[in-house]
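# Working through the structure, step by step
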Amino acid sequence: MNKKLVFIIVLAVGSWGGKIFGQKQLSDFVNQAFQNSPLLKTNTIQSQANDLDAQRMVAALTKPVVGAEVNYLLAPMYSNDPGNSGFKLNPSKTIKDYYGYDLSATNGGLYRGVFTLDQPLFNKQRTNAVNEQAVIQNQVLSNSSTLSKHELEKLVTDQYILCLQDVHLQEAVSHIIDIIGQQIGITKKLSANGLAKQGDYKVLEIEMKQQETNKQALRNSYKMHLLDLYSICGISDTVIVNLAAINLDLSNVADVNNSGFVRQYQLDSLSLSASQKLFDAQYKPVVSLYSSAGLNAVYAPDIYKRLGWQIGIRFTQKFFDGHQKKLNDQRTKLLQQTTAINSDFFNQKNESRKNALLQAIRSIDEQLQSIQQQVGDYDTLLSYYQKQIANGQSSVIDYITVLRSNAALQFNRIALQTNRLIAVNNYNYWNW
């Protein structure tokens, strides 16, 4: 790890007095992210809202509407008929000469209080279109939730891998500290017997402090990355925990037609078709049965005789509206073409992306194999220098130089292992 970066992390994070509690698995964080995801929660609520909206629309197309209607109209006049002159609140139609609204327009007044019923008929095609659209909408939401969970799992895994990198780097530094500690013990004895220089002992102590500083920086880096992991998962706790190791394998070749990514484009096309069917439904005949029963009168004196009932059928048909149906159909087909184009482009791009990731993984494997051989060589070289120092035939400075080179190689190996895990995780994300 770059020393400058290590010190920056130390300054940014500062001291941490938290304790470490228990051990967590990757699945623990993934499940927590699923539970706390606002998108997953709102998609579930939106799906329920879509069902209720569809039920409302179907009810409007199939259920009767029952209501009440009350009207009262007063149209007084002044009559000039001989023997029947004067102000009239409820004029009869026999009046010939009068001042006021024309009797043919008002009938002298209106007294109306009826119950009404309106029953839509023959709307099966419309209700099918409404239900089909609701089903597609919920499938879109369900696929959106599936995509969100898949993406959350990737994000959580990536962050989890970064935390593990800090853990492995700490282990590597601890191993170096143990080696230096052993060498300090040996050099201290040699110095006491006059077989080693006092400065060699001091040089080793300085290197020990440097490595302890690096280890503390890595602890702070781990805590910072862990808190970022908590944030991604929606966890408000700040307790520091140990993380279990993971081993990611490449997923099998996915069926493109069943891919959640491609399914998104398929559902977009189906949604357009469902909207088209619902739009076309307005061009079907509209038939409804209507009825009313109650009081309907225009002359108060004989109002008690005007209780009655009526029933009728209403039929409407749209014949021409400027070719809107044809234009909307053309629009739907064009939008479906764009969906197909985007789907094809995604498949092509995704194949290239997966091939690039596989190539990167193969390259990392080759580097790791080479590094593994070098690690063995460095272990042999360190043992050789320890014997040389013990015999007074080599300096501690040479030993530390080899030790630092070995540490850099260990860090490089850990970085490559981390990059491999992230590359595998990315491949599995897209190969889905």
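For the structure itself, consult the block above.
Residues numbered from 1 in each chain as written. Predicted model: local features only at pLDDT ≥ 70, side-chain atom pairs only at ≥ 80, totals over all residues. Heavy atoms only, no water.

Right, let's talk about the sheet that holds strand 3 (residues 77–79) for a bit. Strand order in this open sheet of three strands is 4-3-5, and the pairing throughout is antiparallel. Each edge of the open sheet is held by one strand with a lone partner, namely strand 4 (86–88) and strand 5 (98–99). Where strand 3 meets strand 4, three bridges bridge the pair, whose relative direction is antiparallel. Bridge assignment links Met77 to a residue of strand 4, and that residue is Lys88. (Pairing = 2+ DSSP bridges. Helix = DSSP H or I, 4+ residues; strand = E, 2+ residues; numbered from the N terminus.)

Remark: the centre distance and the inter-plane angle together describe each pair of aromatic rings, the angle taken between the planes. With the rule as written, the count across this model stands at 11 aromatic pairs. Taken together, a centroid distance of 6.3 Å and an interplanar angle of 50° make the contact between Phe346 and Trp430 tilted. Of the two residues, Phe346 is situated in helix 8 (residues 324–390) and Trp430 in helix 9 (residues 396–430); the sequence distance between them amounts to 84 residues. Given the relative accessible area of 12%, Phe346 is considered buried. Here the aromatic cluster, defined as three or more aromatic residues joined through ring pairs, consists of Phe261, Tyr265, Phe346, Tyr429, Trp430 and Trp432. Positioned above the aromatic ring of Phe34, the side-chain terminus of Lys149 is 5.0 Å from the ring centre. Here the basic side chain of Lys318 rests over the ring of Tyr283, its NZ or CZ set 5.2 Å away from the ring centre. (Phe/Tyr/Trp six-rings, centres within 6.5 Å; stacked < 30°, edge-to-face > 60°. Buried < 20%, exposed > 50% of the residue type's maximum accessible area, 1.4 Å probe, protein only. Lys NZ or Arg CZ within 6 Å of the ring centre and 35° of its normal.)

Although it is not a glycine, Phe122 sits at a positive phi angle of roughly 55°. Looking at the secondary structure, you find Phe122 in the loop between strand 6 (109–121) and helix 5 (124–192). Looking at Phe122, the relative accessible area reads 69%, which means it is exposed.

Another point: the sheet that holds strand 9 (residues 307–316). Spatial ordering of the open sheet is given by 2-6-8-9, a layout of four strands whose pairing is antiparallel. Two strands bound the open sheet, and with one partner strand each, they are strand 2 (65–74) and strand 9. Here the strands of the sheet are splayed against their neighbours by 20° on average, with no regard to which way each runs. Here 10 bridges tie strand 2 to strand 6, and the two strands are oriented antiparallel to one another. Counterpart to Ala68 in the pairing with strand 6 is Phe115. (Axes fitted to C-alpha atoms, helices over the stretch in contact; angles between N-to-C directions.)

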